[in-house]
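Geometric and topological summary
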Amino acid sequence: MKLLTLNFLTCARKACKPLPTSFPLHPADATLATTETAFSPAFLRNILPRLDWPALKGLCDELGLPGVGDEAPGPEALFEDGELPESDEDIVGEIEAGKRPTKLAHDLHQLLVETVMLEGKLVCASCGHEYAVKEGIANFLLPSHLV
Amino acid sequence: MSRPEDILPPDLYYNEPTSKKYTTNSRIRTIQASMTHRALSLLSLTTPSLVLDIGAGSGLSGQILSSVPTSAGGPHTWIGLDISASMLAVALEREVEGDLLLADAGQGLGFRAGTFDAAISISAVQWLCNAESSEETAPQRLKRFFDSLYVSLKRGGRAVCQFYPRDERQKKMVADAAIRAGFGAGLLEDGAGTKGVKVYLVLTAGETGDITGVVEGMEGVEVDDHRKKRQKGEVASRKDDILRRKARLERKGKVVKATSKYTGRKRKIAF
Ligand SMILES: C[S@@+](CC[C@H](N)C(=O)[O-])C[C@H]1O[C@@H](n2cnc3c(N)ncnc32)[C@H](O)[C@@H]1O
Ligand SMILES: [Zn+2]
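- The name given to chain B in an unreviewed UniProt entry is S-adenosyl-L-methionine-dependent methyltransferase, with the source organism recorded as Trichodelitschia bisporula.
- Taken verbatim from the UniProt record of chain B, the Sequence similarities (unreviewed entry) comment is "Belongs to the class I-like SAM-binding methyltransferase superfamily. BUD23/WBSCR22 family."

- The name an unreviewed UniProt entry assigns to chain A is Trm112p-domain-containing protein, from the organism Trichodelitschia bisporula.
- Per UniProt, chain A carries the Sequence similarities (unreviewed entry) text "Belongs to the TRM112 family."

**Some thoughts on the overall build of chain A**
- Secondary structure assignment for chain A yields four helices and six strands.
- When its C-alpha atoms are laid out on the principal axes, chain A stretches across 55 × 30 × 25 Å.
- Excluding contacts between residues fewer than 6 apart, the proportion of contacts in chain A whose partners are at least 24 apart in sequence is 65%.
- Only carbon and sulfur atoms are counted for the fraction: they give 51% of the accessible area of chain A, which is about 6,600 Å².
- Charge-centre separation for chain A: the mean point of 12 positive side chains lies 11 Å from the mean point of 22 negative side chains.

**Structural notes on the nonpolar core**
- Residues A:Leu122, B:Phe111, B:Phe146, B:Leu149, B:Phe183 and B:Leu201 are the most contacted members of the largest nonpolar core, which totals 80 residues.
- Ranked by the residues each element gives to this core, the list is headed by helix H7 (residues 138–152) of chain B, at six residues.
- Residues in contact with B:Leu201, not counting those within four places in the same chain, are B:Phe146, B:Ala159, B:Val160, B:Cys161, B:Phe163, B:Val174, B:Ala175, B:Ala178, B:Ala185, B:Gly186 and B:Leu187.
- Within the second largest apolar cluster, 27 residues are counted, among which are B:Leu42, B:Ala118, B:Ile120 and B:Tyr200.

**Quick notes on the pattern of salt bridges**
- Within this structure, the stated rule accounts for 20 salt bridges over all chains.
- A:Lys121 is the partner of A:Glu130 in a salt bridge, and the nearest nitrogen-oxygen pair spans 3.7 Å.
- Of the residues examined, A:Lys121 reaches a relative accessible area of 24% and is grouped as partly exposed.
- Across the pair B:Glu16 and B:Lys20 runs a salt bridge whose closest N-O atoms are separated by 3.7 Å. Of the two residues, B:Glu16 and B:Lys20 are both situated in helix H3 (residues 16–24); the distance of four residues between them amounts to about one turn of the helix.
- Overall, the relative accessible area of 25% leaves B:Glu16 in the partly exposed class.
- On the basis of relative accessibility, which here comes to 30%, the residue B:Lys20 falls in the partly exposed class.

**Some words on the interface of chain A and chain B**
- With 43 residues of chain A in contact, the opposing surface of chain B contributes 44 residues.
- Summed over the three residues of chain A that lose the most area to chain B, namely A:Arg50, A:Glu135 and A:Ile137, the buried surface amounts to 19% of that side.
- Across the contact surface, chain A and chain B share two salt bridges.
- The residue A:Arg50 makes a salt bridge to B:Asp117 at a minimum N-O spacing of 2.7 Å.

Cut-offs and rules
In this convention, every chain numbers its residues from 1, walking through the sequence in written order. Naming scheme: in the order in which they are written, chains are lettered from A and ligands are numbered from 1. It should be noted that, the model being predicted, local features are given only for residues of pLDDT at least 70 and side-chain atom pairs only at 80 or more, the latter also being counted only at that level, while totals for whole chains, interfaces and linings use all residues. Side-chain numbers come from the whole structure's heavy atoms, not from hydrogens or water. UniProt positions are given in the numbering used here, feature names are shortened, and annotations may be inferred rather than shown by experiment. Numbering of helices and strands runs from the N terminus; a helix is a DSSP stretch of H or I covering at least four residues, while a strand is a stretch of E covering at least two. Only heavy atoms enter the contact rule, under which two residues are in contact if any of them lie within 4.5 Å. Each accessible area is a Shrake-Rupley result for a 1.4 Å probe, and residues are judged covered by the shown protein chains and nothing else. Positive charge is attributed to Lys and Arg, negative charge to Asp and Glu, and no charge count is given to His or to the chain ends. We put the charge of a Lys on NZ, of an Arg on CZ, of an Asp on CG and of a Glu on CD. Buried Ala, Val, Leu, Ile, Met, Phe, Trp, Tyr and Cys residues form a nonpolar core when they are joined through side-chain atoms within 4.5 Å. Exposure classes here rest on a 1.4 Å probe applied to the protein chains alone. A residue is buried below 20% of its type maximum, exposed above 50%, and partly exposed in between. In what follows, salt bridge is the name for a side-chain nitrogen of Lys or Arg lying within 4 Å of a carboxyl oxygen of Asp or Glu. When two components associate, each loses some accessible surface as probed by a 1.4 Å sphere; the sum of these losses over both components is called the buried area.

Okay, structure coming up:
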């Protein structure tokens with residue numbers, strides 16, 4: 001499961017939904033891995049305004065990953081003027097001519113899309129429910145009395 | 001012909017052998033691909049998007065989202081959820097690019113507000129019309145599903161659910177549940193009146209109350225809005241097209257598969 005996905009998952013229990021502490025879920029006993037994935041700065045530009053930046057920052061702290069800045073960058077921080085370097089020729093998604101992705105774009109791609117949680121659990125700070133993660137798949141099935 | 005939902009609940013019906021057979025059957029693959037392309041065209045996505053796939057199974061529908069070329073506004077990133085661990089295990093084996101969640105759409109979705117640009121569901125929603133236990137009813141499950149889907153889409157986001165309604169009553173029950181959740185809804189039928197009819201529920205979150213205009217503006221689309229009935233359109237098989245596109249992307253190294261130490265290994269996810 002990509003760290004990106006963790007920025008959107010909340011506790012699924014009905015009683016937790018209205019509570020602010022039902023997001024984000026907190027990883028525990030996490031095994032992380034890296035997967036090589038096509039670089040799409042256009043996707044990042046689309047998703048960036050939707051990220052919960054404090055949650056992303058908190059996640060990096062909890063996982064012991066190099067942190068992100070305090071301030072959420074705007075989409076314009078993902079591009080700069082210049083020729084597309086050879087190393088970026090295989091990017092996917094449409095980007096503006098004469099622009100190339102910045103280092104921040106590469107870093108965010110690595111963090112959000114290429115870093116995955118393989119094993120462990122996701123814990124709700126509100127109710128304490130633990131969602132198991134196995135082979136990168138989180139189990140969100142709830143016993144019927146918790147739905 | 002009996003309907004699978006009448007035989008067993010989905011997590012038991014889609015067991016290991018059935019999930020494998022489903023995914024390798026070339027006729028099924030062709031049909032799922034063409035319906036996914038149809039759903040995708042109804043979403044009209046113009047930029048690489050985050051898409052939810054409900055009842056994603058082994059990833060036949062999702063992988064089409066991953067392979068939309070740059071020139072067509074892709075590729076899209078998707079999160080798939082499914083109630084069958086065996087289907088998801090096949091998806092893992094196939095190394096699909098989307099993230100996978102084991103979840104019951106009838107329990108509601110655990111995503112924060114405005115997560116997704118769009119959502120698709122291919123051949124899954126009819127399963128929600130069967131209560132899984134004596135404690136819940138089909139309308140309750142449909143309500144939890146559509147209410148949470150509405151929230152998890154960004155404003156103006158679209159969802160397209162292709163499903164196999166048992167009859168007119170069930171079709172209406174599903175569409176009504178979506179409308180009550182706040183969606184603007186339209187039903188579209190390819191091959192209406194034939195055995196191969198395909199029903200698409202086209203939804204918009206918080207845009208217009210009437211999506212008839214959206215579906216009517218599209219080529220080859222028939223609108224079934226209970227006010228008129230017209231002749232059905234044919235869905236062309238796009239299989240060759242997809243395969244060609246996929247091969248081209250792979251040649252260019254554009255679809256980079258996850259490199260995992262599990263490559264090719266048989267999967268069993270024991271929760
Ligand atoms: C016919 S398959 C379609 C899979 C995939 N969308 C495709 O096009 O190949 C239907 C899928 O819906 C899933 N499903 C049924 N009920 C579900 C539910 N309540 N929540 C999530 N998935 C469900 C089944 O497990 C199965 O994988
Ligand atoms: Zn909770």
